[in-house]
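# Inside the fold
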Amino acid sequence: LSQSHKMTATGEPDSSAPNTGGPPATITTPTTILAPSPVPVHSDVPMPGANGSGNHKSTIVIENQPKRRVSIISDPPMIGGGGVGYDNPAYEQNPRRKISQTSTHSHTDIGPARRKSILKDTVPHDNDSDRVSTHSYENYRQNALDVLNAKYNGHQMGHNSVGDSNGGANYVEESWMYTFCLKCRGDEPTASWEPPFWQKIFPYPLCPTFRTVSRLISLILIGLLIWITAFVIIGDSAAPGGQLFGLVVLTVAANFGGYLISLTTLPRLIGMLMVGILFQNVGWVDLDGDFSKVTAHLRKFALTIILTRAGLEMEPEAFKKVYKTILKLGIIPWCVEAVVMAVMSHFLLDLPWIWAFLLGSIIAAVSPAVVVPCLFRLRTKGYGVAKGIPTLVVAVAGVDDALSVAIFGIISTVMFSDKGLGYQIAQAPVCILGGLAFGVIWGSLARIFPEKGDAYVVPLRTLLLFTGGLMAIYGSEDLGFEGAGPLAVVFSAFVSNLFWCKDGWDVEDNPVSTAFEIFWMIFEPILFGITGATIKIRELDSHTVSIGAACIFTGAIIRILTTAGIAIGDRLNTKEKFFVALSWMAKATVQAALGPVALKHLDENATDEERNYANIVQTICVFSIVLTAPLGAILISVSGTKLLTKTKQPQDLSGWRRSHRPSIRDISIIDEEEEREDPEIPEDKETHDNTLNNAHIPTISYTYNT
């Protein structure tokens, strides 16, 4: 539709145009107005001419969709600059002016704005074959299914000419093989490229995508090159049959075992632990002898990563608001379970009191590695979001782990030191105060160094926090105050995260926390693989296993009842109290890291009785993982849908993190109200005034035919 009148910005005809009594002058450059699905209604509407009067045939176009309202201003638009005016934000005189509340641009667009995907409207490939082979995930999936269904239907028609030809139209999608194969693959977040022949040789969904295969080949090549380099440097230990080579094979196999177990929605660590037990008892790995020193250092590295993640994933604002509840639910149930475990193991397993409390301090710890993925799945479905139950469970788990490791360090220092009574009495206050002081100092340094605007701030902060944690763990052990190191690691991570959030980092997307997720992806199969490899089934005592299992379940049941009983005044109903208590029965990470430590502390002068005590502690710790980790994951998944309240709108967590793995940060809750898919832009005063001033303007447009 083209206008045939020259008009000013106010809608009046231009008085400077000559009027000879004939048709009005027209603009030499017509302006095209595009309207979505107009409904024309013909009518005679009087329109003023040059002298203020005149009748013109017009067509009123009523929009089906409401359009944004434009402010009426006195300044004329810059028509001479290419036919653009105030509706083009690139040519606006005042870029901070916002036209209306529903405008597509505003002064907020000057800073960071919502960005479209980099894959949208991209420049096509120069190579035609590449362009044809680039698919979106939906097109790729549907085309592959159509090919398989067509092949199946043709095969059926060749064998049976009588019957319903449409009976197998969707046979592939309805088959058990299709369902099973989908368990082994995830949705591709971006468009993928593949060779033109890939679908003919490896059809979807029976075979992996080219992206998955290429990633696997890349990892294999990297691992092969690293192994060759290690073999040249180290020698026989890295050769096939050597201990280092066996550790690498164990780690790879544990990772694969964890992947297989994850297909059943159980925690990956169960598969990793089982692979370690299998390798040890089949004779495929030997980690004893001098190589045990290497595994001991790997445990300390893994412990540092576990404790650092626990500190980083405590939300500072949420912790300050409900710190009394978190400390109450984190300390009291832990003490109850530790005491129950110590008393039962003393009388039923004949452990001395000091060994019994050492075992209780390990068993009472909760495993975030089990709890977090289960809570992640529940939160995506909307369960427990309204009251912030995931945040509560995760925060208490972090406090629980820090307390377990600190008390274990104090007890082990007292057990294995030969110093006087005064030194042993000073263990508790020195470890607590020293650990907290180091955490505050190191966390404050991590805020100042490096400077927050540094281009390498993320890797520098990550390395600074990791090396500081290692120094705290090794340094406290060397000084004889082993309990101070774990507290220092947790508290330094928490303090640094508190300062980083104040400096502008998003609490829900901390890049340092993402880096430690990557560290944990590497050390998780190492930790649980070597922990499983410590169990020798032929040497197990059935009496120790049965009594130990009874102690574990008794302590867990009493802890559940204690937690439900003390959660008074926390705005939780009875069902939610029992769900929170059930969430804290799973054991894994701390038990894997600390279970074999007591045995490693014994030197050649230790008696056979002490070695027996250490073996009992190690065995019960490993079996606590085997018994409680899968059971805890199942109870959380099943009871969550029964005991928690579901919000009306499930939470969409896609795209929150750089990592695809579920994380504690993914279930952190800041605003407990239901999230909206596309929240409105907050209305400012300028926008509100413009909207009110434009409310009288009808949403119609005119075309004039002279």
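Residues numbered from 1 in each chain as written. Predicted model: local features only at pLDDT ≥ 70, side-chain atom pairs only at ≥ 80, totals over all residues. Heavy atoms only, no water.

### Side note on the overall build of the protein
- Each helix and strand counted, the protein has 25 helices and five strands in total.
- With 706 residues in all, the protein has 43% of them scored as buried.
- Restricting the contact set of the protein to residue pairs at least 6 apart, pairs at least 24 apart contribute 75%.
- Approximately 37,400 Å² of the protein is accessible, and the part contributed by carbon and sulfur atoms is 62%. (Helix = DSSP H or I, 4+ residues; strand = E, 2+ residues; numbered from the N terminus. Buried < 20%, exposed > 50% of the residue type's maximum accessible area, 1.4 Å probe, protein only. Contact = heavy atoms within 4.5 Å. Areas by Shrake-Rupley, 256 points an atom, 1.4 Å probe, with all protein chains shown as cover.)

### Things to note about the environment of methionine 415
- Structurally, methionine 415 is set in helix 14 (residues 389-416).
- Spatially, the C-alpha atoms of methionine 415 and tryptophan 355 are 8.5 Å apart, while their sequence positions differ by 60 residues.
- Apart from residues no more than four positions distant in its own chain, methionine 415 is found in contact with Ile354, Trp355 and Leu358.

### Thoughts on the confidence of the model for the protein
- Per-residue confidence for the protein gives a mean pLDDT of 75; residues scoring 70 or more make up 65%.
- Counted against residues more than four places away or in other chains, residues 161-168, with its pLDDT under 50, gives three contacts. (pLDDT = per-residue confidence, 0-100.)

### So, the environment of glycine 439
- For glycine 439, the position within the fold is in helix 16 (residues 427-448).
- Between the C-alpha atom of glycine 439 and that of proline 486, which follows or precedes it by 47 residues, the distance is 9.9 Å.

### A word on the pattern of salt bridges
- This structure, assessed with the given rule, holds seven salt bridges.
- The partner of lysine 536 in a salt bridge is aspartate 288, with the nearest N and O atoms 3.4 Å apart. With lysine 536 in the loop between helix 19 (511-532) and helix 20 (542-566) and aspartate 288 in the loop between helix 8 (268-282) and helix 9 (292-312), this pair connects stretches of sequence that are 248 residues apart.
- Across the salt bridge formed by glutamate 477 and lysine 300, the nearest N and O atoms sit 2.6 Å from each other. You can see glutamate 477 sitting in helix 17 (residues 457-479) and its partner lysine 300 sitting in helix 9, a full 177 residues away along the chain. (Salt bridge = Lys/Arg side-chain N within 4 Å of Asp/Glu carboxyl O.)

### So, the packing of helix 17 against helix 18 (residues 484-502)
- Where helix 17 contacts helix 18, the two axes come as close as 7 Å, and the packing angle between them is 160 degrees. On the basis of their axis angle, the class for helix 17 and helix 18 is roughly antiparallel. Judged by the sense of rotation from one axis to the other, the crossing of helix 17 with helix 18 is right-handed. Counted together, Arg461, Leu465, Gly469, Ala472, Ile473 and Ser476 of helix 17 and Ala484, Gly485, Pro486, Ala488, Val489, Ser492, Ala493, Ser496 and Trp500 of helix 18 form the full contact between these two elements.
- For the contact of helix 17 with helix 18, the residue count by class is nine nonpolar, five polar and one charged. (Axes fitted to C-alpha atoms, helices over the stretch in contact; angles between N-to-C directions. Parallel < 35°, antiparallel > 145°, perpendicular 65-115°, else oblique. Left-handed = near helix turned anticlockwise from the far one by under 90°. Nonpolar A, V, L, I, M, F, W, Y, C, P; charged D, E, K, R; others polar.)

### Considering the packing of helix 11 (residues 323-348) against helix 12 (residues 353-363)
- At their nearest, the axes of helix 11 and helix 12 sit 8 Å apart, and the two run at 140 degrees to each other. Taken together, helix 11 and helix 12 sit at an angle that is classed as oblique. In the packing of helix 11 onto helix 12, the handedness of the crossing is right-handed. Every residue of helix 12 that contacts helix 11 at Trp334, Glu337, Ala338, Val339, Met341, Ala342, Val343, Ser345, His346 and Phe347 is listed here: Trp353, Ala356, Phe357, Leu359, Gly360, Ser361 and Ile363.
- Of the residues assigned to the contact of helix 11 with helix 12, the class counts are twelve nonpolar, four polar and one charged.

### A look at the environment of threonine 589
- Tracing the sequence through the fold places threonine 589 in helix 22 (residues 589-594).
- On the basis of relative accessibility, which here comes to 3%, the residue threonine 589 falls in the buried class.

### Overview of unusual backbone geometry
- Along the chain, phenylalanine 449 connects to proline 450 via a cis peptide bond; the corresponding omega equals 0 degrees.
- For aspartate 350, which is not glycine, the phi dihedral falls at a positive 60 degrees.
- With respect to the helices and strands, the residue aspartate 350 is situated in the loop between helix 11 and helix 12.
- Judged by its relative accessible area of 57%, aspartate 350 falls in the exposed class.

### Things to note about the side chain of glutamine 591
- Mapped onto the secondary structure, glutamine 591 falls in helix 22.
- The exposure class of glutamine 591 is buried, given its relative accessible area of 1%.
- A distance of 2.8 Å separates a polar side-chain atom of glutamine 591 from the backbone oxygen of isoleucine 362.
- Within the structure, glutamine 591 has its side chain in polar contact with the backbone nitrogen of alanine 588 (distance 2.9 Å).
- With residues near it in sequence (within four places) discarded, glutamine 591 still touches Ile362, Ile363, Ala365, Pro596, Cys621, Ser624 and Ile625. (Polar contact = N/O pair within 3.5 Å; in protein donor to acceptor, adjacent residues only side chain to side chain.)

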